[in-house]
Amino acid sequence: MAPRARGRVRIAVPRPLAALPAAGAAPLRVPGGAPPRPVPSRPAAMAAAALWRLRRTSAAAFSSAAAAGPGRPEKLTVRRQAEGVRNIILNNPRRRNALSLSMLQSLREDLLHDVKSKDLRVIIISAEGPIFCSGHDLKELSSEDDVKHHSQVFEMCAEVMTLIQKLPVPVIAKVNGLATAAGCQLVASCDIAVASEKSQFATPGVNIGLFCSTPAVALGRSLPRKEALMHGLVSKVVPEDKLEEETMKISQKICESSKSVLALGKATFYRQIAQDLDTAYKMTTQVMVDNLTLRDGQEGIEAFIQKRKPVWSHSQDEKK
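Just so it is clear, the model here is predicted, and its values are computed rather than measured. (Residues numbered from 1 in each chain as written. Predicted model: local features only at pLDDT ≥ 70, side-chain atom pairs only at ≥ 80, totals over all residues. Heavy atoms only, no water.)

J.: Hey, could you run me through the packing of helix α7 (residues 259–273) against helix α8 (residues 277–293) in this one?
T.: Helix-helix packing is described using two parameters, namely the angle between the two axes and the distance between the axes. Where α7 meets α8, the axes come as close as 10 Å, and the angle between the chain directions of the two elements is 170°. One element, α7, and the other, α8, form an angle in the roughly antiparallel class. Of α8, the residues touching α7 (which contributes V261, L264, T268, R271 and Q272) are A280, M283, T284, V287 and N291. When the residues that make up the contact of α7 with α8 are grouped by side-chain class, the tally is five nonpolar, four polar and one charged. (Axes fitted to C-alpha atoms, helices over the stretch in contact; angles between N-to-C directions. Helix = DSSP H or I, 4+ residues; strand = E, 2+ residues; numbered from the N terminus. Parallel < 35°, antiparallel > 145°, perpendicular 65-115°, else oblique. Contact = heavy atoms within 4.5 Å. Nonpolar A, V, L, I, M, F, W, Y, C, P; charged D, E, K, R; others polar.)

Right, dumping it as structure tokens:
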């Protein structure tokens, strides 16, 4: 936690080296009859200048930390966005991109950033390094931290996983490495998952005394990529050198669609999963009727009939 700044930071700034007289020159005279000050030697002047630079650097770092504010999470993700596609990169390979509290908070911030903007159409989650995500940071779950902290970690994890499904845009996991435990859960929580042939998935928590909630509770096992594809954990497996191309191909296809219609469809899909068949059909029937009232719903039909490309508004407005 960054220290809170107390008042202004005051730094004694010595005169620049170039402004100091050479050693052996006449003493500096101070107006008002004050006694002359001795001229420092060149080594002393250089030391003073070095001290000044050190103090200035330290003060800048202190001010930056103070400006961040106490309790502000460390930024462990990188967010980039272009042409409707937001890339969120887990960027802590030294810790195997573990879902520490700071990582989860950083991921949450990037997911929610300007999420209602029409410029945002799809989100891709990837990772730096050979490990996509190793799950929770076990150092945070030791007895060194109290139950309150443990609860905070799991509550934030649950919030991020459910947030992904509540977002109005599709979220794609681009996996190029090992995804274990909560890292495997992160992949499962995304709407689409594209994995390279080098990717591996595992839920090994039970082997260290902690069960993994997805995709298998009672087993501590490794899940080969072909089996992950078969069970629906991932949507597609491609060669490593085709991973970026395939992910962008899916993203660009999404960007060609209406954001408002995709948002309606995604929300409806996750709502009907928990319902029985009759309730689900009743609910989705009404959603289809509502979809037809949207401006983009009618625009799509008119464009099809007129054999032209639709011009989407990406809004929730109804057709007048």
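J.: How should I be thinking about the confidence of the model for the chain in this particular structure?
T.: In regions of low pLDDT, the predicted coordinates are not meant to be interpreted in detail. Confidence in the prediction of the chain, expressed as mean pLDDT, is 78, and 67% of residues score 70 or more. Here residues 1–31 is a poorly scored stretch, pLDDT under 50, and it has 45 contacts once near neighbours within four places are set aside; other chains count. This stretch, residues 214–221, has a pLDDT under 50; its non-local contacts, to residues over four places away or in other chains, come to 18 contacts. (pLDDT = per-residue confidence, 0-100.)

J.: When you look at the pairing of strand β5 (residues 122–127) in this model, what are you seeing that I'm missing?
T.: Each regular strand carries side chains that alternate between the two faces of the sheet. Within β5, five of the six residues are buried, which leaves it mostly tucked inside the rest of the structure. As judged from the six bridges shared by strand β4 (residues 85–90) and β5, these two strands associate in the parallel manner. When the sheet's bridge partners are listed, R86 is paired in β5 with I123. Where the polypeptide runs from β4 across helix α2 (residues 101–112) and back to β5, its parallel neighbour, the crossover connection is right-handed. In terms of strand pairing, β5 meets strand β7 (residues 171–175) through three bridges, oriented parallel. The residue of β7 that forms the bridge with I123 is V171. (Buried < 20%, exposed > 50% of the residue type's maximum accessible area, 1.4 Å probe, protein only. Pairing = 2+ DSSP bridges. Right-handed = clockwise from strand over helix to strand, strands pointing away.)

J.: How do you make sense of α8 when you look at a structure like this?
T.: Each α-helix winds once per 3.6 residues, and so residues spaced three or four apart point in a common direction. Counted at 1.5 Å a residue, the expected span for α8 with its 17 residues is 24 Å, and the 25 Å between its end C-alpha atoms agrees. Within the span of α8, buried status applies to A280, M283, V287 and N291. Along the axis of α8, the buried positions cluster into a sector of 85°, meaning they face one direction only. Of the residues in α8, the exposed ones pointing more than 90 degrees away from the buried face are D278, Y281, K282 and M288. At its buried positions, α8 is contacted by α7 and α9 (295–305). If you check the start of α8, you find a side-chain oxygen 3.2 Å away from the backbone N of D278, and it comes from D276. (Expected span 1.5 Å × (residues − 1). Arc of directions from axis to C-beta. Polar contact = N/O pair within 3.5 Å; in protein donor to acceptor, adjacent residues only side chain to side chain.)

J.: In this structure, what is going on with the pattern of salt bridges? I would like to understand it.
T.: Side-chain pairing between opposite charges can occur once the charged atoms of the two side chains come close. The final tally for this structure, using the stated rule, is 13 salt bridges. D191 is the salt-bridge partner of K266, the closest N and O atoms lying 2.8 Å from each other. Note that K266 is positioned in helix α7 and D191 in the loop between α4 (182–189) and β9 (192–196), a separation of 75 residues in sequence. Exposure remark for D191: the relative accessible area of 23% places this residue in the partly exposed category. Salt-bridge contacts for K242 lead to E245; the nearest nitrogen and oxygen are separated by 3.7 Å. The exposure class assigned to K242 is partly exposed, which follows from its relative accessible area of 40%. Look at E245 and you get partly exposed, because its relative accessible area is 45%. One salt-bridge network, in which partners are shared between bridges, spans K75, R79, E109 and D110. (Salt bridge = Lys/Arg side-chain N within 4 Å of Asp/Glu carboxyl O.)

J.: Sorry, what's going on with the environment of Q200 here?
T.: Within the element layout of this structure, Q200 appears in strand β10 (residues 200–203). Residue classification places Q200 among the partly exposed residues on the basis of a relative accessible area of 46%. Separated by 16 residues in the primary sequence, Q200 and C184 have C-alpha atoms spaced 9.4 Å apart.

J.: What's the story with the sheet that holds β5 in this structure? I'm lost.
T.: Note on sheets: strands pair through backbone hydrogen bonds, and any given pair is parallel or antiparallel. In spatial order, the strands read β3-β4-β5-β7-β9-β12; together these six strands make up an open sheet with mixed pairing. With one partner strand each, in any of the chains shown, β3 (77–82) and β12 (236–238) form the two edges of the open sheet. Averaged over all neighbouring strand pairs, the angle between strand axes comes to 20°, with direction disregarded. Across three bridges, the pairing between β9 and β12 is parallel. Within β12, the residue paired with S196 across the bridge is V238.

J.: Explanation requested: the nonpolar core in the structure shown.
T.: Where a protein is soluble and globular, its nonpolar side chains tend to be buried together. The biggest cluster of nonpolar side chains holds 39 residues, and the ones touching the most others in it are L111, I123, I125, V187 and F201. For this core, the elements supplying multiple residues, two or more each, are β4, α2, β5, β6 (131–133), α3 (147–166), β7, α4 and β9. In terms of residues, this core owes the most to one element, α3, which gives seven residues. Leave out the neighbours within four places in its chain, and L111 touches R86, I88, I123, I125, V160, L163, I164 and L167. (Core = buried A, V, L, I, M, F, W, Y, C linked by side-chain atoms within 4.5 Å.)

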